[in-house]
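Topology and contacts: notes
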Amino acid sequence: IAQTDRQFTVPGDIVKQRSIRIYNRLKSSLPENWRVESIRGHNPKAIYKLVAQHQLMAPQQFQHYWNSSNSEHFEENYSCILLDGEEIIGTFLITRRGDHELHVHVEAADLRHMSQLRLIFSTLRNHSFSQCPDGFPENLTFRADSKLHRQTKNNALRLGGEELPHQYVLCKSLSRSN
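A brief report on the enclosed structure follows. (Residues numbered from 1 in each chain as written. Predicted model: local features only at pLDDT ≥ 70, side-chain atom pairs only at ≥ 80, totals over all residues. Heavy atoms only, no water.)

1. Some words on the overall build of the protein chain
To keep it simple, the criterion reads: Helix and strand assignments come from DSSP, with helices taken as H or I runs of at least 4 residues and strands as E runs of at least 2, each series counted from the N terminus. Per-residue accessibility, obtained with a 1.4 Å probe over protein chains only, is compared with the maximum for each type, and a residue is labelled buried under 20%, exposed over 50%, and partly exposed between these values. Throughout, a residue-residue contact means that at least one pair of heavy atoms, one from each residue, lies within 4.5 Å. In short, Shrake-Rupley with a 1.4 Å probe defines the accessible areas, and a residue's cover is counted only from the protein chains shown.
Secondary structure summary: the protein chain contains five helices and eight strands in total. For the protein chain, the N- to C-terminal ordering of α and β elements is β-α-β-α-α-β-β-β-α-β-α-β-β. A buried classification covers 44% of the 178 residues belonging to the protein chain. Contacts spanning at least 24 positions in sequence make up 72% of the contacts within the protein chain whose residues lie at least 6 apart. When the accessible area of the protein chain is evaluated, it comes to approximately 10100 Å², of which 47% is carbon and sulfur surface.

Right, dumping it as structure tokens:
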């Protein structure tokens, strides 16, 4: 087993209602030079640099999800970044699974902005979810493992999420014998 992923699921309507309420309250307290933008049109290397600080995703996996021709890729309508001026200080990366589910892969903030961590995460998450159209998604799943994805797991649990069965990634080790 190369990797074990834990995932939590939350009904989409619960998340959306809560997110709209929180984001509307939150907008007026954000620093003036902060703005949330879609990942569309931004340099993937700059965004990955932030993700890499936390070792949340391998470079190959990030590239796979960045490629919009793949069946599961970062959903540009809901994946976003938070900019402080021109500097990316946070990212929220989501993929679409099937017709009715969004999957949260990464919530990451620049380590130099740790004092504003909760505000960064709350801004990105609630902005993203408040963009969802009525009736979508039916479910949100959150990727969580014991060490690296604690933020997404904690978020799912605060929303009343339920843990799904573990998913395992297997790999075969090839060795040459003499």
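2. Description of the packing of aromatic side chains
Threshold: Two aromatic rings from Phe, Tyr or Trp, using only the six-membered ring of Trp, form a pair when their centres are within 6.5 Å; if the ring planes differ by under 30 degrees the pair is stacked, by over 60 it is edge-to-face, and anything between is tilted.
Scanning the entire structure with this criterion turns up seven aromatic pairs. Ring geometry for Tyr 48 versus Phe 62: centroids 5.0 Å apart, planes at 55 degrees, classification tilted. Separated by 14 residues along the polypeptide, Tyr 48 in helix H2 (residues 44-52) and Phe 62 in helix H3 (residues 59-66) bring together distant segments of the chain. Residue Tyr 48 shares its accessibility class with Phe 62, and that shared class is buried. Their ring planes at 25 degrees and their centres at 5.6 Å tell us that Phe 62 and Trp 66 sit as a pair that is stacked. Here Trp 66 and Phe 62 lie together in helix H3, a separation of four residues that amounts to about one turn.

3. Examining unusual backbone geometry
One non-glycine residue, Gln 55, lies in positive phi territory at about 55 degrees. Among the structural elements, Gln 55 can be located in the loop between H2 and H3.

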